[in-house]
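What the coordinates show
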Number of protein chains: 2
Amino acid sequence: MNGGGDHGINGNSRSQWPDDVGIIDMEIYFPSQFVDQSELETFTGVSAGRNTKGLGQLRMGFCDDREDVASLCLTVVDKLMTRTGTSYSNIGRLEVGTESLIDKSKSVKTVIMQLFEESGNSDVEGVTSTNACYGGTAALFNSVDWIESSSCDGRLAMVVCADIAVYEPGPARPTGGVGAVAMLIGPNASIVLERGLRASRFAHNYDFYKPDLTSPYPIVDGQLSVKCYLQSLDKCYGLYKQKAFKKNGKKVDLSSFDAILFHSPYCKLVQKSFARLSFNDFKANPDNFTDTLQSSFAQIELEDSYFNKDVEKSFMDASKMTFESKTEPSLLIAKNVGNMYTPSLYGGLVSFIVSHESVESLVGKRVALFSYGSGSASSFFSIRVKEHVSMLHQQLKADVPSRLKARTKISPDEYDKTMKLVEDTHKLAPYQPIGSLKNLFPATWYLDTVDEKYRRKYLKTPL
Amino acid sequence: MNGGGDHGINGNSRSQWPDDVGIIDMEIYFPSQFVDQSELETFTGVSAGRNTKGLGQLRMGFCDDREDVASLCLTVVDKLMTRTGTSYSNIGRLEVGTESLIDKSKSVKTVIMQLFEESGNSDVEGVTSTNACYGGTAALFNSVDWIESSSCDGRLAMVVCADIAVYEPGPARPTGGVGAVAMLIGPNASIVLERGLRASRFAHNYDFYKPDLTSPYPIVDGQLSVKCYLQSLDKCYGLYKQKAFKKNGKKVDLSSFDAILFHSPYCKLVQKSFARLSFNDFKANPDNFTDTLQSSFAQIELEDSYFNKDVEKSFMDASKMTFESKTEPSLLIAKNVGNMYTPSLYGGLVSFIVSHESVESLVGKRVALFSYGSGSASSFFSIRVKEHVSMLHQQLKADVPSRLKARTKISPDEYDKTMKLVEDTHKLAPYQPIGSLKNLFPATWYLDTVDEKYRRKYLKTPL
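Procedures and definitions
- Residues numbered from 1 in each chain as written.
- Chains lettered and ligands numbered in written order.
- Predicted model: local features only at pLDDT ≥ 70, side-chain atom pairs only at ≥ 80, totals over all residues.
- Helix = DSSP H or I, 4+ residues; strand = E, 2+ residues; numbered from the N terminus.
- Rg over C-alpha atoms; globule rule 2.2 N^0.38 Å.
- Buried ≥ 20, exposed ≤ 12 C-beta atoms within 10 Å, placed from the backbone.
- Contact = placed C-beta atoms within 7 Å.
- Least-squares fit on C-alpha atoms with pLDDT ≥ 70 in both.
- Core = buried A, V, L, I, M, F, W, Y, C linked by C-beta atoms within 7 Å.
- Expected span 1.5 Å × (residues − 1).
- Nonpolar A, V, L, I, M, F, W, Y, C, P; charged D, E, K, R; others polar.
- Pairing = 2+ DSSP bridges.
- Axes fitted to C-alpha atoms, helices over the stretch in contact; angles between N-to-C directions.

Now for the overall build of chain A. On a plain count of helices and strands, chain A comes out with 14 helices and 16 strands. For 463 residues, the compact-globule estimate of 2.2 N^0.38 gives 23 Å, and the C-alpha radius of gyration of chain A, at 22 Å, lies within 12% of that figure. Within chain A, the proportion of its 463 residues that are buried is 56%. Put simply, 76% of the contacts in chain A that link residues at least 6 apart link residues at least 24 apart.

For the rest of this paragraph, the subject is the relation of the copies chain B and chain A. Turning one copy of the chain about an axis and sliding it along that axis gives the other copy, so a rotation and a shift relate them. The operation relating chain B to chain A is a screw motion whose rotation component is 180°, with 0.0 Å of axial translation and a residual RMSD of 0.0 Å. Taken together, the turn and the small shift mark the pair as related by a two-fold rotation axis.

Bringing the nonpolar core into the picture now. Formed by 279 residues in total, the largest nonpolar core has its most connected members in A:C73, A:V76, A:V160, B:C73, B:V76, B:M158 and B:V160. The contact partners of B:V160, leaving out residues within four places of it in the chain, are B:C73, B:V76, B:V77, B:L94, B:V96, B:I112, B:A180 and B:A182.

Helix length check: helix α5 (residues 135-148) of chain B, at 14 residues, gives a terminal C-alpha distance of 20 Å against a target of 20 Å (1.5 Å per residue), a fit within 8%. The buried fraction of α5(B) amounts to 14 of the 14 residues, a majority that puts the element mostly inside the structure.

Moving on to the interface of chain B and chain A. Between chain B and chain A, the residue contacts involve 69 residues of the former and 69 residues of the latter. For the side of chain B that touches chain A, the elements supplying multiple residues, two or more each, are α4 (108-112), β5 (128-130), α5, β8 (191-202), β9 (208-209) and α6 (222-248) of chain B. The residue makeup of the side of chain B that touches chain A, split by class, is 25 nonpolar, 26 polar and 18 charged. Direction of pairing for strand β5 (residues 128-130) of chain A relative to β5(B): antiparallel, over a ladder of 3 bridges. Bridging from a neighbouring strand, A:T130 pairs with B:T128 of β5(B).

Residues and elements named next belong to chain A. The 3 strands are arranged β3-β2-β14 in an open sheet whose pairing can be described as mixed. Where the open sheet ends on each side, the last strands, each with one partner, are β3 (59-61) and β14 (408-410). Recorded for the sheet is a direction-independent mean angle of 40° between the axes of neighbouring strands. Summarising the sheet, strand β2 (residues 33-36) and β14 pair through 3 bridges and their orientation is parallel.

A few words now on the sheet that holds strand β2 (residues 33-36) of chain B. All names here are of chain B. Here we have 3 strands laid out as an open sheet, ordered β3-β2-β14, and mixed in their pairing. On the outer flanks of this sheet lie β3 (59-61) and β14 (408-410), each paired with one strand and no other. Adjacent strand axes in the sheet meet at a mean angle of 40° when their direction is disregarded. The strands that helix α1 (residues 37-44) touches are β2 and β3; relative to β2, the one it contacts most, it runs at about 60°.

Okay, structure coming up:
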């Protein structure tokens, strides 16, 4: 599709929402280098299986000093616009969600405007949205609202999420990752957001945050972080059920969805979260569950069970098969690239799409998504896959799995040295990055230089 | 008004945009302390009039280590919600625009969620939007879109802009300032955004930016900054004219508006910008201008004249009276508080409102606004004042001018010491702020402590 023609709407004569607003097309980028999680276990001296089984992570993507959040965005936008043949003139809004800031004032969005220069189009609303891993979802909601509103002049919106997740050496380090997702938003979409079916929970928490602006690493309160994630999931799911019942008169439970996608800090937490939804369903309607579960857990309240290992294990067991069919296929990229922060949930959507052999099995699917960003911000919402998805499915299927396989495995020792390099140099100006361009996929934007006034220049590797 | 009743809309049964979406009510906060710009001239040894006449600035507000961007937001939101009697349950969206980040991940918006706790409402979408001084406008546009979209469930949106503008000692320091503005957004508003009349220009520039995350100060390329501002003004105004003509068949010039409000880095730039619009009108239609102007400037192109002193002076002279009637009244707060960054333009709106003796002279006014954020992001848009403005006008008029007068003048020496204190301590954890609470207005939120894990605790001075 050309990203314009059949998705255009007339902004001046309408006063109503257009039909089927959502994701028309999307693209993902992850770096060409990864470290193997079991090799990392051996290297760091933790018990075998700690990362692979304990966290559920197989490989972790990373980048060196040649990539930053702006280069990631340039790469994924360029890739999406080129593949779909969309004209830069046809984009009326572009918003970035990220928590990998390289400037406290200048938005990453303005760096992407370099790509628009040739088209002469600078009338492109939207800036950068920030709240931990939730920024991309905020950008998506804002863009869908824009398409439905009088602000839209008939052009499309674009959402970009990109992050570099790195942790100081220690237990959290294997939960890093890097990635970027770009999405074209408009009417008559491939993936449509269901109207009025969205529940959010925002609260003031210090679970994971980055107050030391001189450090690339966050401060993490691991236990609080898990509690906030699960608590937000409970609240959002509960409120979503209420809203859905009010709107459609139908009771929602896990059977209402063909798939459930989660923000994935690490895949094991996603499995626990799926079990948590099952426990929510149990609390709402115990009769649908076994007598054993009823006799063991009927008296336990949601609020009191965040660290109840019996509840966790029992509902993980009870929901195992449903998890494997409804959620595990969406963890392909999360398992192999790691936590990408803002793009994580949308990497889940890409994984979900490519997990379908045929487009026929994909069309019509109803999918729930849970977005979580520490601090904290979260939403539970739902989408429907439409027949327009055909080309997107074909393209992603032909590209993503093979691109995951085309990556190069780097030794944990080399990975550690790269992390140290980034830690030591990320604040420097002037700075000449030393990472080899050979480590980048073709057509990847990279940081060429940082001058004495911190101005960053980006170039692109040959196709 | 109660911020709910007459502004509610039914989110579930509608599929159309509600009427008259815009600013229902608004509130401003600025600190109780200021430094006098002419005293600052003497203290820093610059020529007399350099700040007052050269920059057009009379006083500059500042805060000590007791206030940060989150405390500013808490203060202004609390103030607006209390005055209007709005229920926290009636807010469905809250977005913050700021460039005074204290965390790279956790949004300021989540800190404000503390105020919602008692109401039990945590279903409040929106995060933090960042692009220099433009973040507040991005938040406003997003919120208006939300009200018009299917995402809105009938509740109101709130936009908060807050910043602390500080510069290292030197020529830029007198262009600092501090402030916060909160706005309730919904249908049947007091100040309505005109649909389809909005032109933006986004570009990749390093005019003013904050790449050194360890410093509270920006890097400023003064000349480039002025050029980018004026160039964006030209582009936005030109495109606005095109869009207005396409929509209404009417040619736009300065006479199309009762007032023109600008983002104000310093008031002299606003006067130059007004003259710049006049030069734009001249280029579009020279016949409306004097023969002298025609013979002198007919051959000069917009692109070639950003530093043409003859153009600047001639059009400042030619537009002086119009500037004094259409723009100067909106500079009350900018002159007396300084550049507040994201709230600057909306402080201009407050100033514009309070400049009207009677509400009758205010109702019906059509106003153009130019928002600019370095990096760069800019929009030219227009609003209409509706009869709903009555209570807002009365409240602001009774409060803002007297609050400006109630401030305490601090010596330049004391001001310098305060800046040094903030510079030396803003990154520390744990940290116990030392600023006296007596320096704060009543009912002002302040930073009580920062603990060893950088967690910030806020309290409020008595009413």
